[in-house]
Amino acid sequence: MTIILTPYWSNGVQKLKLSQPPAAPKRGLVPPQLDHEIHVERCLEQLRSKDKNLEKYIYLSHLKTEDPSMFYRLCLEHMAEITPIIYTPTVGDACLNFSHIYRRPEGLVCISHKGKIGSVISNWPKIDEARISVVTDGSRILGLGDLGVNGMGISIGKLSLYIAGAGIRPESTIPICLDLGTNTQRYLDDPFYLGLRQKRVGDAEMEAFMDEFMEEMSRAFPKLMIQFEVRIVIYIEMTLGLTKFQDFSTDNAFKYLERYRHKYPVFNDDIQGTGAVVLSGFLNAAKLSSAASGLPLTSHRILFFGAGSAGVGVASQLMSFFTLLGMTEEQARRQIYLVDSQGLIYDARGHLAEHKKYFSRDDYQGPPMTNLLDIIKYVKPTALLGLSTIYGAFTSEVLDAMAGINPRPIVFPLSNPVKLSECSFSDAVEHTQGKVLFASGSPFPVQQFEGKTLYPGQGNNMYIFPGLGLGAILARVSEVTDSMVEASSLGLANSLTDEERAMGLLYPRIERIREISTFIAKEVIRAAQKTVGSFSHGVDRSPALRTKSDGELTQFIGQRMWNP
């Protein structure tokens with residue numbers, strides 16, 4: 001069902017008026033030869049006629065409003081083609097241009113009017129239907145900086161993937177952007193900018209706003225899970241070797257996750273989702289790398305280039321790789337090295353942001369090590385992961401060094417979009433003689449090397465969050481636990497078919513997303529049902545699912561998926 005939302009203001013508060021779409025046209029108003037199957041091909045042809053991805057995004061946004069069933073059918077039947085348009089990498093351009101390509105309201109904008117948040121939220125027309133919300137403050141979108149209210153595009157795009165990828169009903173989703181101002185001057189000067197024309201509020205005001213927002217959300221939507229993407233960004237430019245990059249101060253991302261995760265069912269995609277999808281790909285890559293080197297899985301050393309919220313979040317999740325092998329937490333921590341804007345992170349270097357301290361090295365006492373090549377020679381990593389948003393940071397010399405150390409080096413340039421990726425798949429293939437085990441955050445084309453077709457992995461969060469969200473909703477969890485996130489990662493790693501493994505894939509084909517999400521949701525529900533910490537009976541609140549066999553639970557999940 002299409003929902004048409006018309007914004008208006010009353011007593012200084014934004015409200016949304018719900019109106020029904022026009023009734024089905026009467027006889028004679030529809031051409032006699034409008035065959036539905038042919039119309040699918042017609043819509044696909046119209047989409048492909050656009051020569052710019054942003055124009056394709058605009059076309060699909062219009063189609064989603066006018067004919068949502070057609071939009072989601074195209075998504076499901078042409079997932080590999082549509083996903084890069086509605087999500088990464090095109091969603092980055094869509095967010096940058098959101099105020100200029102705006103057509104109609106598609107979500108809820110909560111403005112920093114303390115004491116009035118509940119009245120704004122209560123205007124949502126489908127309160128009883130709400131099950132999943134993606135919330136952003138627009139402060140850091142895909143490494144593109146502070147986009148303000150333009151960040152709404154990421155909430156819209158991710159919820160489209162919840163619907164297409166996990167069959168969550170469209171009317172159950174709420175895209176939300178928290179408009180707390182923006183520090184990007186060009187938006188403040190742009191007459192088309194849709195957000196508040198003010199600088200971002202300070203930490204204390206934001207904290208009070210967030211507390212009120214979360215309380216009002218839980219009151220209005222008691223069955224809602226929130227995918228949380230709120231963070232404050234401070235830009236610091238420093239030299240690292242021959243490159244420059246922006247080091248994001250992301251203590252607030254961790255602060256708000258820890259502040260709310262045991263009180264509400266919340267999930268931070270930047271910290272937990274990225275970590276889960278990378279862990280999944282790494283599990284499969286590590287097995288192939290160890291098979292080539294003859295070294296045990298416990299000998300892997302992982303070097304992270306980038307230590308923001310995503311980098312530290314992924315590093316924390318990859319601890320599971322080692323603890324699942326029987327290593328202690330301390331042993332696992334010592335296999336992981338982090339690099340930020342000042343180089344290798346180690347204790348003797350001096351003051352560190354709070355979220356970096358856990359992985360700081362105490363076994364290096366030398367002078368600051370700032371050049372990535374020098375750090376690689378010192379660490380001798382089996383895996384190099386990039387979360388720096390520095391295009392080309394993994395130079396030919398860096399790739400050559402990784403290939404010189406490892407018969408099958410693991411190289412994951414994870415920064416989004418493509419223009420911020422640390423290296424391309426073609427460069428990684430060329431400088432490792434086709435031996436690289438590769439996964440990126442954005443899509444890259446396949447490569448031919450010495451008569452073989454090589455397939456790049458894409459460690460895209462969309463493999464994880466639809467199934468994780470679906471499982472959390474069906475189990476009616478009181479919180480999203482670490483074990484649930486880990487279960488989603490292991491579920492993805494184990495979802496490869498024999499054919500996909502034979503092709504050397506690290507991730508399954510995206511066309512199987514519904515099948516993958518079903519399996520992940522089952523694993524997440526089982527994890528939610530297990531005793532965790534102070535929960536004597538798990539965190540699930542759907543006891544009827546406990547009595548189902550795995551086969552019955554899988555069938556139940558499939559039956560709950562919405563189909564266009």
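Structure: see above.
Below: a short report on this structure. Computed from a predicted structure; not experimentally measured.

## Side note on helix 10 (residues 203-220)
Okay, so step 1: With 18 residues, helix 10 extends 25 Å between its outermost C-alpha atoms, agreeing within 8% with the 26 Å of an ideal straight helix rising 1.5 Å per residue.
Okay, so step 2: Of the residues making up helix 10, those classed as buried are M206, F209, M210, E212, F213, M214 and M217.

## A short note on the sheet that holds strand 11 (residues 336-340)
Okay, so step 1: Taken together, the seven strands give an open sheet; going across it, the order is 12-11-10-13-14-15-18, and neighbouring strands pair in mixed fashion. Edge strands, defined here as strands with exactly one partner in the open sheet, are strand 12 (343-344) and strand 18 (457-458).
Okay, so step 2: Sheet topology places strand 14 (residues 410-413) next to strand 15 (residues 437-440); two bridges connect them, and they run parallel. Across the sheet, I410 pairs through a bridge with L437, a residue of strand 15.

## Some thoughts on a negative patch on the surface
Okay, so step 1: Taken together, E397, D400, D427 and E430 make up a surface patch of like negative charges.
Okay, so step 2: If you list the elements that add at least two residues to the negative patch, you get helix 16 (396-405) and helix 17 (425-431).

## Describing the packing of aromatic side chains
Okay, so step 1: Under the counting rule described, the total for this entry stands at 19 aromatic pairs.
Okay, so step 2: Taking 4.9 Å as the distance between ring centres and 85° as the angle between the ring planes, the aromatic pair formed by F282 and F321 counts as edge-to-face. Residue F282 is found in helix 12 (residues 269-293), and its partner F321 is found in helix 13 (residues 309-323); the two are separated by 39 residues along the sequence. Comparing F282 with F321, the two get one shared label, buried.
Okay, so step 3: Residues F321 and F322 carry aromatic rings whose centres are separated by 4.9 Å and whose planes lie at 85° to one another, so their mutual orientation is edge-to-face. This pair shows no difference in class: F321 is buried, exactly as F322 is.
Okay, so step 4: The ring of Y455 carries the charged tip of R509 above its face, separated from the ring centre by 6.0 Å.

## A short note on the pattern of salt bridges
Okay, so step 1: A full pass over the atoms with the stated rule returns 29 salt bridges.
Okay, so step 2: Across the pair R73 and E77 runs a salt bridge, and its minimum N-O distance is 2.6 Å. Note that R73 and E77 are positioned in helix 3 (residues 68-77) at a spacing of four residues, about one turn of the helix.
Okay, so step 3: Since its relative accessible area comes to 19%, R73 is described here as buried.

## Side note on the environment of Q342
Okay, so step 1: Among the structural elements, Q342 can be located in the loop between strand 11 and strand 12.
Okay, so step 2: Residue classification places Q342 among the partly exposed positions, given a relative accessible area of 36%.
Okay, so step 3: Sequence-wise, Q342 and N371 are 29 residues apart; in three dimensions their C-alpha atoms are separated by 9.3 Å.

## As for the nonpolar core
Okay, so step 1: Within the largest apolar cluster, 148 residues are counted, with the highest numbers of intra-cluster contacts made by F213, F304, L385, F412 and M484.
Okay, so step 2: When near neighbours in sequence (up to four residues on either side) are disregarded, F213 contacts C110, I117, I121, V135, I176 and L178.
Okay, so step 3: Counting 30 residues, the second-largest nonpolar core is a separate cluster that includes Y337, M369, L384 and L454.

## Thoughts on the environment of I86
Okay, so step 1: Structurally, I86 can be placed in helix 4 (residues 79-86).
Okay, so step 2: We classify I86 as buried; its relative accessible area is 5%.
Okay, so step 3: Each C-alpha atom, one on I86 and one on L54, is 9.5 Å from the other, the two residues being 32 residues apart in sequence.
Okay, so step 4: Look past the residues within four positions of I86 in its chain and what remains in contact with it is Y57, L60, F71, C75, V91, G157, S160 and L161.

About the thresholds
- Residues numbered from 1 in each chain as written.
- Predicted model: local features only at pLDDT ≥ 70, side-chain atom pairs only at ≥ 80, totals over all residues.
- Heavy atoms only, no water.
- Helix = DSSP H or I, 4+ residues; strand = E, 2+ residues; numbered from the N terminus.
- Expected span 1.5 Å × (residues − 1).
- Buried < 20%, exposed > 50% of the residue type's maximum accessible area, 1.4 Å probe, protein only.
- Pairing = 2+ DSSP bridges.
- Patch = residues over 30% accessible without salt bridge, like charges linked within 9 Å, V, L, I, M, F, W, Y side chains within 5 Å.
- Areas by Shrake-Rupley, 256 points an atom, 1.4 Å probe, with all protein chains shown as cover.
- Salt bridge = Lys/Arg side-chain N within 4 Å of Asp/Glu carboxyl O.
- Lys, Arg positive; Asp, Glu negative; His and termini not counted.
- Charge placed at Lys NZ, Arg CZ, Asp CG, Glu CD.
- Phe/Tyr/Trp six-rings, centres within 6.5 Å; stacked < 30°, edge-to-face > 60°.
- Lys NZ or Arg CZ within 6 Å of the ring centre and 35° of its normal.
- Core = buried A, V, L, I, M, F, W, Y, C linked by side-chain atoms within 4.5 Å.
- Contact = heavy atoms within 4.5 Å.

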